Amino acid sequence: FYGEEVNFTTLDVTSPQITSNHEAQTLFVDDNCQAFLPDYTVDVIATDNCTATEDLLITQTPEPGTLVSGAVNLVTLQVADQAGNVSQVSFNVNVVDATPPQITSNHETQFLFADENCQAILPDYTGDVTASDNCTSSEDLLITQTPEPGTLVSGPENSVTLQVADQAGNVSQVSFNVEVADTINPV
């Protein structure tokens, strides 16, 4: 052994250090109730003991451009050095529906005939609403009326509002007038 040359190889076993902060993110849905994942790798700040910063391999799972929906979408960012040591950070991406339903039905002035007390019972107009939403099916939209059906109304000016809410709590509304006409001749 004396006089022989010994070659020592330095082995890198230290993982890169991720110093950037990765908190939960929020994306807003498109017309199909989905959102494309952005490229979060550009926000990663990492260093390594042996590999230069520009030579670190940064990847994202799921990949940028992946369509996601719903409240829980786990994204993992992984940083690998040239020796194969890896560090990773994960965070949640919440996809939010901020688009209100669209009311497509027409709501014009309605006419009711007054009874002997010069009043009329307000009918239920919620069945006349045609609405759609990007995330909630038409059958699952909540349609309400103010004033409620069955309310006694009188006179030429009675504003009725129909409200449509999706499952995310987004609301659209339409209002129209209900005119109570007196058609009973005096005695």
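Right above here is the structure, for reference.
The notes below deal with the structure included here. Just so we're clear, the structure is a prediction, and the values are computed from it rather than from any experiment.

1. Some points on the overall build of the chain
- The helix and strand tally for the chain stands at 0 helices and 16 strands.
- A compact globule built from 187 residues would reach a C-alpha radius of gyration of about 16 Å, whereas the chain, at 32 Å, exceeds it by more than 25%.
- In terms of overall dimensions, the chain has a C-alpha envelope of 135 × 20 × 20 Å along the principal axes.
- Counting over 187 residues, the chain shows a buried share of 32%.
- Considering only residue pairs separated by 6 or more positions, the chain has 60% of its internal contacts joining residues 24 or more positions apart.

2. Considerations on the pairing of strand 7 (residues 74-80)
- Counting buried positions along strand 7 yields 5 of 7 residues, so the element is predominantly enclosed.
- In this sheet, strand 8 (residues 86-96) lies alongside strand 7 in antiparallel orientation, the contact comprising 7 bridges. Looking at the pairing, Ala80 lines up with Val86 of strand 8.
- What sits between the antiparallel neighbours strand 7 and strand 8 is a turn of 5 residues, in which Gly84 has the positive phi angle 90 degrees.

3. Looking at the sheet that holds strand 8
- Here we have 4 strands laid out as an open sheet, ordered 2-8-7-5, and mixed in their pairing. Of all the strands in the sheet, the pair left with one neighbour each is strand 2 (25-28) and strand 5 (57-61). Each strand of the sheet is rotated relative to its neighbour by a mean of 25 degrees, with strand direction disregarded.
- The sheet contact formed by strand 2 and strand 8 spans 4 bridges and is parallel. In the strand pairing of strand 8, Gln25 is matched with Val93.

4. Re the state of the cysteines
- Under the criterion given, the structure shown has 1 disulfide.
- Each sulfur in the disulfide pair Cys33 and Cys135 lies 1.9 Å from the other. With the S-S bond torsion at 110 degrees, the cross-link from Cys33 to Cys135 turns out right-handed. Here the residue Cys33 occupies a position in the loop between strand 2 and strand 3 (35-36), and Cys135 occupies one in the loop between strand 12 (131-132) and strand 13 (142-146), the gap between them amounting to 102 residues.
- Residue class for Cys135 comes out partly exposed when judged on its relative accessible area of 26%.

5. Examining the sheet that holds strand 16 (residues 171-181)
- Across the sheet, 4 strands lie side by side as 10-16-15-13; this open sheet has mixed pairing. Sheet topology places strand 10 (110-113) and strand 13 at the edges, where each strand pairs with a single neighbour. Averaged over all neighbouring strand pairs, the angle between strand axes comes to 25 degrees, with direction disregarded.
- As defined by bridge partners, strand 15 (residues 159-165) adjoins strand 16 across 7 bridges and the pair is classed as antiparallel. Counted as the bridge partner of Thr161 is Ser175 from strand 16.

6. Regarding the environment of Pro156
- By the secondary structure assignment, Pro156 is in the loop between strand 14 (152-153) and strand 15.
- Here the alpha-carbon distance between Pro156 and Asn177, two residues 21 residues apart in the chain, equals 8.3 Å.
- Excluding residues that lie within four positions of it along the chain, Pro156 makes contacts with Asn177, Val178, Glu179 and Val180.

7. Concerning unusual backbone geometry
- Look at the link from Thr61 to Pro62: it is a cis peptide, with omega at -10 degrees.
- Residue placement: Pro62 occurs in the loop between strand 5 and strand 6 (67-68).
- The residue after Thr146, namely Pro147, is reached through a cis peptide bond having omega -5 degrees.
- If you trace the backbone, Pro147 turns up in the loop between strand 13 and strand 14.
- Non-glycine residue Cys33 carries a positive phi angle of around 65 degrees.

Reading the values: the criteria
Residues numbered from 1 in each chain as written. Predicted model: local features only at pLDDT ≥ 70, side-chain atom pairs only at ≥ 80, totals over all residues. Heavy atoms only, no water. Helix = DSSP H or I, 4+ residues; strand = E, 2+ residues; numbered from the N terminus. Rg over C-alpha atoms; globule rule 2.2 N^0.38 Å. Buried < 20%, exposed > 50% of the residue type's maximum accessible area, 1.4 Å probe, protein only. Contact = heavy atoms within 4.5 Å. Pairing = 2+ DSSP bridges. Axes fitted to C-alpha atoms, helices over the stretch in contact; angles between N-to-C directions. Disulfide = S-S within 2.5 Å.

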